[in-house]
Amino acid sequence: MGLRQALPGRMSGMAMPFRLLSRRAGPLGLALTAYDIWRRLPKKQRRQILEATRKHGPRYAAKLMKGAKQRRRPPK
């Protein structure tokens, strides 16, 4: 049974966030899509994501800042 033939209910809303994503989606579109996906997650999974973000987020942010600093061109 394909997505188009899916019965109304729980699975019918699963394809919607992916349909919203396209090459032309800007920052606002991506933020709204992320919020929509976040809203559909069970509370237990939301909590797991928050814990992982608190643990690993600062490390990745520091790595990104270091990389951005190295890419800067020296003033002429």
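Keep in mind it's a predicted model, so treat the numbers as computed, not measured.

1. Overview of the pattern of salt bridges
- Evaluation of the coordinates by the stated rule reveals two salt bridges.
- Where D36 meets R40, a salt bridge forms, and the shortest distance between an N and an O atom there is 3.2 Å. Of this pair, D36 and R40 both sit in helix α2 (residues 27–40), four residues apart, which is roughly one turn of the helix.
- Judged by its relative accessible area of 8%, D36 is buried.
- Through salt bridges with shared partners, a single network forms among D36, R39 and R40.

The rules behind these values
Residues numbered from 1 in each chain as written. Predicted model: local features only at pLDDT ≥ 70, side-chain atom pairs only at ≥ 80, totals over all residues. Heavy atoms only, no water. Salt bridge = Lys/Arg side-chain N within 4 Å of Asp/Glu carboxyl O. Helix = DSSP H or I, 4+ residues; strand = E, 2+ residues; numbered from the N terminus. Buried < 20%, exposed > 50% of the residue type's maximum accessible area, 1.4 Å probe, protein only.

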